[in-house]
Amino acid sequence: MDVYPIERKTEDEIEESLRNDLREALRQQGFIVHGEDKLVLTTKAKDELRKIQIAAKANIIKEQKDFIIRKANLAKKYSLIGNNINPSRIQLEMRPVKSGSEDELLFRWWNLTWWSMPYQRPYGRQMRFIIWDITHNAPFGLISLQSPVLKQAVRDKNLSIPNDELDYWVNRSMYAQRVGALPPYNQLIGGKMVALSLISNEIRAAYQEKYQNRKTIIAERNIESELLFITTTSAFGRSSIYNRLKYHKDIVAEKLGYTEGYGSFQIPDELYERIIEYLTSIGENTARGYGNGPSRKLKLINLACRKLGLANYTYHGIKREYYLFSFVQNLKQVITRQEYAKWKNYEFNDLFAYWRERWLMNRAIRTTHWREFNTEAYIDNVLNSLEEVNNNE
């Protein structure tokens, strides 16, 4: 039997293949890749921007299709028809998601399938919460928190954070990667309830319990376990959920400005792993995970782009509104003048009662769309779309 040597690609061939595949993946999502490889958005209209992110989401769904199919019956177990909801009887609780629990499986299933903004693996410190409708025994909404990026111009400027203290103050905050209501509660303005929950005493207490006696790995500083603030961004431009969000007269979501338009959702995970393999092959440090900071992925993609002679493909140009949820009344003075924190006191049940009175009952009376939503039918549509993916492979 003849044995033939395995043909291995040269470094030039690997680089050219990776360059071409990156460009093609971005074009398929709706970006224009100019001759100098600068990414340009074809539009700034929300519907078109949503299509770009849906294309990125499709890649995630394809990679996670086995899990989505396997756990669809669990999602159905807690599915609802909108007409079966009695808005006046909705009663909510917020539960930390525990590893290996049924809540974790439900959280993952809906986090992958529901929103147009694609799921991205969290980095650094992480906390997840599922908000549950006790009366109707169904998931109401999700919150996913993670470590923020160390440098964020709009945040650092507005809060006057000194450069040499960035890691200390940023590590007393979290970034809300996912904040939203699940169907059919989203049509009852459930998103505002989930957003209100970000400033609840329960989240602050859960953080304190989890992160007592921790140090930053990068700078080896002790982190105080009292969470000072949470930040988040809109999906596309102005946010209908965060805009004018108040608890009585108190501003809950303070708009600080807009992000600059950098991110990594547009780089499919499969290509990101090839980027890591390429950088490793040329001797670059590709260490990831806890201790390397949540901006590590952006840095590695940017490094690969430079090595490949490309523009920085982490610049997608989608500028998002940037919001601050503070647990203290005097946050800027705490940071700049070392004042004692004047803590706000918002119980989850009080926030729920306010949302119920301010938004829920009015929406339930004025509209009927929420009654028409069939969650089980939505789940079947997800499965049917995955069946088409399988047939096309």
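All residue numbers refer to position in the chain's written sequence, counted from 1. The predicted nature of this model means local features are confined to residues of pLDDT at least 70 and side-chain atom pairs, given and counted, to a pLDDT of 80 or more, with totals for whole chains, interfaces and linings taken over all residues. Note that water and hydrogens are dropped before the side-chain values are worked out from all heavy atoms of the structure.

## A few points about the sheet that holds strand β9 (residues 229-233)
Strand order in this open sheet of seven strands is β3-β4-β5-β6-β9-β13-β12, and the pairing throughout is mixed. Whereas interior strands pair on both sides, the edge strands pair on one side only; in this sheet they are β3 (92-96) and β12 (254-258). For this sheet, the mean angle separating the axes of adjacent strands, direction not counted, is 30 degrees. Contacts are assigned to residue pairs that have any heavy atoms within 4.5 Å of one another. Think of each axis as a best-fit line through the C-alpha atoms, taken over the contacting stretch in the case of a helix, with angles from 0 to 180 degrees between the N-to-C directions. Helix and strand definitions here come from DSSP, where helices need a minimum of 4 consecutive H or I residues and strands a minimum of 2 consecutive E residues; each element is numbered from the N-terminal end. Its contacts with the sheet place helix α13 (residues 348-366) against β3, β4 (126-133) and β5 (138-146), and it is angled at close to 140 degrees to β3. In short, DSSP must find at least two bridges between two strands for them to pair.

## Some words on helix α10 (residues 269-281)
Counted at 1.5 Å a residue, the expected span for α10 with its 13 residues is 18 Å, and the 18 Å between its end C-alpha atoms agrees. In this scheme, a residue with accessible area under 20% of its type's maximum is buried, one over 50% is exposed, and one in between is partly exposed, where area comes from a 1.4 Å probe on protein chains only. Looking at α10, one finds that the buried residues are L271, Y272, I275, I276, Y278 and L279. Angular distribution of buried residues about the axis of α10 spans 165 degrees; they occupy a single face of the element. When the buried face of α10 is taken as reference, the exposed residues oriented beyond 90 degrees from it are E270, E277 and S281. Of the surrounding secondary structure, the elements contacted by the buried residues of α10 are α1 (11-28) and α11 (296-307). Here a helix's expected span is defined as the number of its residues, less one, multiplied by 1.5 Å. It is the directions from the helix axis to the C-beta atoms that the arc portrays.

## Notes on the nonpolar core
Inside soluble globular proteins, nonpolar side chains tend to come together where they are buried. Nonpolar cores were defined as sets of buried Ala, Val, Leu, Ile, Met, Phe, Trp, Tyr and Cys residues, with membership established by side-chain atoms within 4.5 Å. Of all hydrophobic cores here, the largest spans 49 residues; its most connected members are L145, I203, I230 and F325. Among the elements that make up this core, the one with the highest residue count is α13 (eight residues). Ignoring sequence-local partners within four residues, the contact set of I203 consists of M94, F129, I143, L145, S197, L198, L227, I230 and F327. Ranked by size, the runner-up nonpolar core spans 25 residues in total, among them L74, L106, L182 and Y378.

## What to know about unusual backbone geometry
Cis rather than trans, the peptide bond between P183 and P184 has omega equal to 0 degrees. Of note, P184 is situated in the loop between β6 (173-181) and α8 (190-196). We note that S160 has phi near 55 degrees; this positive angle belongs to a residue other than glycine. Inspection of the secondary structure puts S160 in the loop between α6 (153-159) and α7 (166-170). Look at S160 and you get partly exposed, because its relative accessible area is 32%.

## Remarks on the side chain of K344
Along the polypeptide, K344 turns up in the loop between α12 (331-337) and α13. Only four residue types enter the charge count, namely Lys and Arg as positive and Asp and Glu as negative; His and the chain termini do not. The salt bridge definition used is simple: a Lys or Arg side-chain nitrogen within 4 Å of an Asp or Glu carboxyl oxygen. For K344, which is buried and forms no salt bridge, the nearest opposite charge comes from D250, at a distance of 6.7 Å. Of note is the side chain of K344, whose polar atom sits 3.3 Å from the backbone oxygen of S326. Dropping the residues within four chain positions of it, K344 is found in contact with N201, R204, I251, S326, F327, V328 and Q329. In protein, a polar contact means a hydrogen-donor-capable atom and an acceptor-capable atom, both N or O and within 3.5 Å, with residues adjacent in sequence counting only if both atoms are side-chain atoms; elsewhere, any N or O pair within 3.5 Å suffices.

## Looking at the pairing of β9
Here β9 lies mainly inside the structure; five of its five residues are buried. Here β9 pairs with strand β13 (residues 321-326) via five bridges, running antiparallel. Following the sheet pairing, T231 is matched in β13 by L324.

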